[in-house]
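Chain by chain, the residues:
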Amino acid sequence: MDYVWAFVVGGGICIIGQLLLDVAKLTPAHVMSTFVVIGAVLDVFDLYDNLIKFAGAGATVPITSFGHSLLHGAMEQTKEHGFIGIATGIFQLTSAGIASAILFGFLVAVIFKPKG
Amino acid sequence: MSDKFDQKQYQNTIKTYQPKPNYLANCIKAFIVGGLICVIGEALTDFYMKVFDFSEKEAGNPTVTTLILIAALMTGFGVYDKLGQFAGAGSAVPVTGFANSITSAALEHKSEGLVLGVATNLFKLAGSVIVFGVVAAYILGMLRYALQHMF
């Protein structure tokens, strides 16, 4: 059942993105930026955490979870370090994603030849 | 006739010639491809939980890293861009789309050299995601922190 909900919720988030592309005529970069902000906003009332509990990877794989993790890491650090924790913790949970995206992106660009 | 009027008229004129997107078909394609990427993510989480005894939270990072590696390789082989043409938001919204935007921007500017081409353009498209994410998270974090300490 986990897989079904991951499929439905993840696919559903992509439908919202597709509607923003087709109906609102946004560019993919605008859609991604909007989704990151929405993810951060949804974290404020722990709504996104409930969605993750419910849908698993259906909620953690879409880019909205990036915004959620940014705020989540920041709030976790404020518990220990107070106000400055927002700045020190903001990349805590997303560090693995960004670091590996930089590494793999760079390596692939060095090894492969551009197509088309 | 002002320039503004001309531009408005032009945009009205071209509207009739622009192809109308097939909303339903595009949504179905985005749903299926996006859903499948999330199912692969769920399977990877399961795999890391069972094989390496990670908790569900710990399994999140290796899952995302694996998806990014797959997406970067697929971009290198030119497969992800074909998927993107078919799936639209279905391949752009998942974290794999983030990896694709980084890799494709770097590949595109490879001819300008490693430093000025690849490294400078790496975040050309993905930069907006990080900027808006950090700005939103910082402001919301400050608000939340202030609220927590006032009440």
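See the structure shown above.
Residues numbered from 1 in each chain as written. Chains lettered and ligands numbered in written order. Predicted model: local features only at pLDDT ≥ 70, side-chain atom pairs only at ≥ 80, totals over all residues.

### With respect to the packing of helix α1 (residues 2-22) of chain A against helix α2 (residues 23-51) of chain B
- The interhelical angle for the contact between α1 of chain A and α2 of chain B, taken along N-to-C directions, is 140 degrees, at an axis separation of 6 Å. The angle between α1 of chain A and α2 of chain B falls in the class oblique. Crossing of α1 of chain A against α2 of chain B: the hand is right-handed. (Axes fitted to C-alpha atoms, helices over the stretch in contact; angles between N-to-C directions. Helix = DSSP H or I, 4+ residues; strand = E, 2+ residues; numbered from the N terminus. Parallel < 35°, antiparallel > 145°, perpendicular 65-115°, else oblique. Left-handed = near helix turned anticlockwise from the far one by under 90°.)

### What to know about the environment of Met49 of chain B
All names here are of chain B.
- With respect to the helices and strands, the residue Met49 is situated in helix α2.
- Considered as a pair, Met49 and Ala87 are 38 residues apart in the sequence and their alpha carbons are 30 Å apart.
- Those residues within four positions of Met49 in sequence are excluded, and the remaining contacts are Phe54, Glu56 and Ala59. (Contact = placed C-beta atoms within 7 Å.)

### Overview of the environment of Leu125 of chain B
- Mapped onto the elements, Leu125 of chain B comes out in the loop between α7 (114-121) and α8 (127-150).
- For Leu125 of chain B, a count of 20 C-beta atoms within 10 Å puts it in the buried group.
- For the pair Leu125 of chain B and Phe98 of chain B, spaced 27 residues apart in sequence, the C-alpha separation works out to 8.6 Å.
- Excluding residues within four positions of it along the chain, Leu125 of chain B makes contact with Ala29 of chain A together with Ser101 and Ala105 of chain B. (Buried ≥ 20, exposed ≤ 12 C-beta atoms within 10 Å, placed from the backbone.)

### Description of the nonpolar core
- Grouped together as the largest cluster of nonpolar side chains are 73 residues, with contacts concentrated most on Val36 and Ile63 of chain A together with Ile68, Ala99, Ile102 and Ala137 of chain B.
- Among all residues touching Ile68 of chain B, those that are not within four sequence positions of it are Gly97, Ser100, Ala101 and Phe104 of chain A together with Val95 and Ala99 of chain B. (Core = buried A, V, L, I, M, F, W, Y, C linked by C-beta atoms within 7 Å.)

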